[in-house]
Each structure stands twice: as C-alpha cells, then as structure tokens.
Amino acid sequence: MTWVRTKLELERMAPGEALEVRCAEGEALENVPRSAAAAGHDVAVDGRIVRIVRR
Amino acid sequence: MSDRRGFLKSLVGAPPARDDAAPDPRLERYSRQLVLPEWSEAAQRRLEAAGVLVVGAGALGSPVATYLAGAGVGRVGIVDGGDVELSNLHRQHLHFTPDLGVPKAHSAASKLRFLNPEIVVEPYHAEFAPAMVEGQDLVVDCTDSFATRYAVNAACCKAGIALVEAGVTGMTGLVMAIRPGHTACYRCAFPHAPADAPSCAEAGILGPAAGVIGSMQALEALKLLAGLPALTDAFAQVDLAALEVLRVAVERRAGCPDCGGA
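A few points on the structure. (Residues numbered from 1 in each chain as written. Chains lettered and ligands numbered in written order. Predicted model: local features only at pLDDT ≥ 70, side-chain atom pairs only at ≥ 80, totals over all residues.)

Structural notes on unusual backbone geometry
Residues and elements named next belong to chain B. Selection criterion: In this description a helix means any DSSP run of H or I spanning at least four residues, a strand means any run of E spanning at least two, and both kinds are numbered starting from the N terminus. Burial is judged by counting other C-beta atoms within 10 Å of a residue's own C-beta: 20 or more means buried, 12 or fewer means exposed, and anything between counts as partly exposed, with every C-beta placed from the backbone.
We note that D233 has phi near 50°; this positive angle belongs to a residue other than glycine. Relative to the helices and strands, D233 resides in the loop between α9 (207-226) and β8 (234-239). Classification of D233 as partly exposed rests on a count of 18 C-beta atoms within 10 Å. The residue L243 is not glycine, and still its phi comes out positive at about 55°. Structurally, L243 can be placed in the loop between β8 and β9 (244-249).

Re α9(B)
What counts here: Given a helix with a known number of residues, its expected span is that number minus one, times 1.5 Å.
In this model α9(B) runs 28 Å from its N-terminal to its C-terminal C-alpha over 20 residues, within 8% of the 28 Å that 1.5 Å per residue would give. α9(B) sits mainly inside the fold: 15 of its 20 residues count as buried.

Some details on the environment of A:S35
Within the secondary structure layout, A:S35 lies in helix α2 (residues 27-38). Since 19 C-beta atoms lie within 10 Å of it, A:S35 is described here as partly exposed.

Re the sheet that holds strand β5 (residues 138-141) of chain B
Residues and elements named next belong to chain B. Rules: Any two strands are treated as partners once DSSP identifies two or more bridges connecting them. In this analysis an axis means a line fitted to C-alpha atoms, helices contributing only their contacting stretch, and an angle means the value between N-to-C directions, from 0 to 180 degrees. Working definition of a contact: two residues with C-beta atoms, positioned from the backbone, lying within 7 Å.
Pairing in this open sheet of eight strands is mixed, and the strands run β4-β3-β2-β5-β6-β7-β8-β9 from one edge to the other. Across the chains shown, the open sheet's two edge strands, defined by having one partner strand only, are β4 (120-124) and β9. Direction aside, the axes of adjacent strands within the sheet are offset by 15° on average. The pairing of strand β2 (residues 51-55) with strand β3 (residues 75-79) spans five bridges and is parallel. Each residue of the ladder has a partner; that of G51, found in β3, is R75. Lying on the sheet, helix α4 (residues 61-71) is in contact with β2, β3, β4 and β5; it crosses β3 at an angle near 165°. Most of the contacts of helix α6 (residues 146-159) go to strand β6 (residues 162-169), to which it runs at about 170°, and overall it touches β2, β5 and β6.

Details of the environment of A:T6
Residue and element names in this part refer to chain A. Mapped onto the secondary structure, T6 falls in helix α1 (residues 2-12). By the C-beta count within 10 Å, which is 26 here, T6 ends up buried. Linking T6 and V21, residues 15 residues apart in sequence, is a C-alpha distance of 7.5 Å.

What about the packing of α4(B) against helix α5 (residues 104-115) of chain B?
All names here are of chain B. For the record, the criterion: Each angle is binned into one of four classes, with values under 35 degrees roughly parallel, values over 145 roughly antiparallel, values of 65 to 115 roughly perpendicular, and all other values oblique. A crossing counts as left-handed when the near helix is turned anticlockwise from the far one by less than a right angle, and as right-handed when that turn is clockwise. By the convention adopted, Pro, Cys, Tyr, Trp, Phe, Met, Ile, Leu, Val and Ala count as nonpolar, Lys, Arg, Asp and Glu as charged, and the other residues, Gly among them, as polar.
At a closest axis distance of 9 Å, the pairing of α4 and α5 adopts a crossing angle of 30°. On the basis of the axis angle, α4 is roughly parallel to α5. Judged by the twist between their axes, the crossing of α4 over α5 is right-handed. Counting all contacts with α4, which are made through G61, A65, T66, A69 and G70, the residues of α5 involved are A108, L112 and L115. Grouping the constituent residues of the contact of α4 with α5 by class yields five nonpolar, three polar and no charged.

Some thoughts on the nonpolar core
All names here are of chain B. As a reminder of what qualifies: Remark: nonpolar core denotes a set of buried Ala, Val, Leu, Ile, Met, Phe, Trp, Tyr and Cys residues whose joining runs through C-beta atoms within 7 Å.
Core analysis: the largest hydrophobic core is formed by 87 residues, its most contacted members being V54, A65, I78 and A221. Counting residues per element, this core draws most heavily on α9, at 12 residues. Contact partners of I78, with chain neighbours within four places excluded, come to V54, A57, G61, A65, A105, A108, A109, V121, P123 and Y124.

Quick word on the pairing of strand β2 (residues 42-46) of chain A
All names here are of chain A. Across five bridges, the pairing between β2 and strand β3 (residues 49-53) is antiparallel. Residue pairing in the sheet places A44 in a bridge with R51 of β3. What sits between the antiparallel neighbours β2 and β3 is a turn of two residues, in which G47 has the positive phi angle 65°.

Spatial relationships are all this shows, so hold off on functional conclusions.
Quick look at the structure:
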C-alpha cells in the first residue's frame, strides 16, 4: 500500500517537487524506489527514507 | 538529488516515525487499479461520480456489472425483465441455484451490493425503455436481441450518451465502444440486423465465451469512463475457438438514422 499512497501523492504534485517517503523494511522499501524509478521519477534512497523528485 | 523547487513533501515521515498511515479501506479496495500507470486518482473519482446503466443481467451483464461495481462505479443500474432460469446458470455468474425464479435484476443487485457496499445499485425489473438512458453517463448493452440492441443504440445516440455494445453466440463475439456524435455508432457499423442470426438457445454458448466478451465490454466501459482511449470507430471480432481477435475499422455512415452520420 505504501507505493499506492506514494503514487497518488505524486499525482497531486507538480513536476520538480520532491517527496520524502519513510518506508518499512522489506516490501515497501523494495517496491517504492523501484516503482518510482520505473515511472520515470528521480529517486534516491537513504536508509529507510526514499526521496522522489516528480518527473 | 536536489530539491529542485525547494519544496519537499513528506508522505509518512511525520514524527513519531511510522511506516504507514492509518488504514484506508477505500484506498485498499481500489489499490490494484490505482497503482496502474494508466490509472489515477482523478480516473477513480470519475468512476465514483458516474452512473452506468447495464441493460441485461445475463451472460454479458454478469461480468460487466461485476467489474463495474468492483471498480467503484458510483451508481450501477441494472435492467432485466426476466427471471432466473436453470438454463441461465452455466454462464450467468451473478445468479445461483437458490435464485431460480427471482427477477434477474434483483438477483444481480443483491450480489453486487455484497461485492461493493460503497456504491449505489439500482435494479429495474423491466424491459428496456429509451427513457432509461436519461441521466446516465454510460450505457452498456448486454442484451441478446437485435431489436433491443438497435433500440439502445438509438436512445444513446439521441441522448448523446456513450455506449458499449457487445454480442456473443457459440464461440464468437463482438465488442464496440461508441461515443455518439463523435464516433461510428452500432447502426453505422451494422445498418441492418442479420436475417438469420441464431439465439444462444439455438446456437449454444459456453460460459467462458460470454465471460471473455463481457470482460472486454467491461474493460471498454472503464476506459470510456476514465477518459482512456477505447475501441471506437472499430469493433473487435473475437473468435474464441481459434483465440483470434480481429479489429475491424468502421466509419460514421452519412445519413445514419440513429446518429445522423458525419
């Protein structure tokens, strides 16, 4: 569900805006950066924090 | 990575640290479609605001109504003047053996309400009448009669309401999406009913064949509601024996008595 919430939040944002997502270890931390990158956003991971800049 | 506009949102980072926000049943119910690249929250809201009339609660209407209700269409009307019969059950999956003799519209509505209590389901135990399309955002024609099919097409063209047509018999089917006034209508594609088309009772039908065609019809309905490209100005001719789909282009027909043509 973390990626679903993230995707919807990104839809509400303007290109260039950044979103910081604190993910649980495991599935969320694997899925969120992978799915965000696949959707074309800029992604950086720092521990459990995934920072995404909307494309 | 730089914060290009100096604007940072934090989705779940508010202290104290939490890995996820509170459960959201609506989000969870629709999560598998919301996560699609082709889908969006805006598309979901369009669905929730929409009223769709499903004409026929049988072999096509069962998958169509099921998928539309499950997807979160806000108001699903279901029209059928018949009652559940034993010969329906192998292909009309909204009806079960204890429903024998129950009006199909009510039998279908009761299952759809179990499926998604968040939406409004309106059963109409009646034959189709043109006035039923008024106020709808989309009509899905799931009848097995050419006379009704042309009546639904004419009513939707007159009212300017989007329509998804389909038919299935034996091992073949057809699906077509229509935006009246913009794309070819059913009568543009098929000016006259075939003289010798057999009914399901005569030609027979396998349940999954109707399920496939009804599922394609539901998919086209969701595309139209969400504003995605749909199967317009064309129909899909589906050969389920060979598992082949032929896309046949059609054009608006000048002087079409239903849509006026181009």
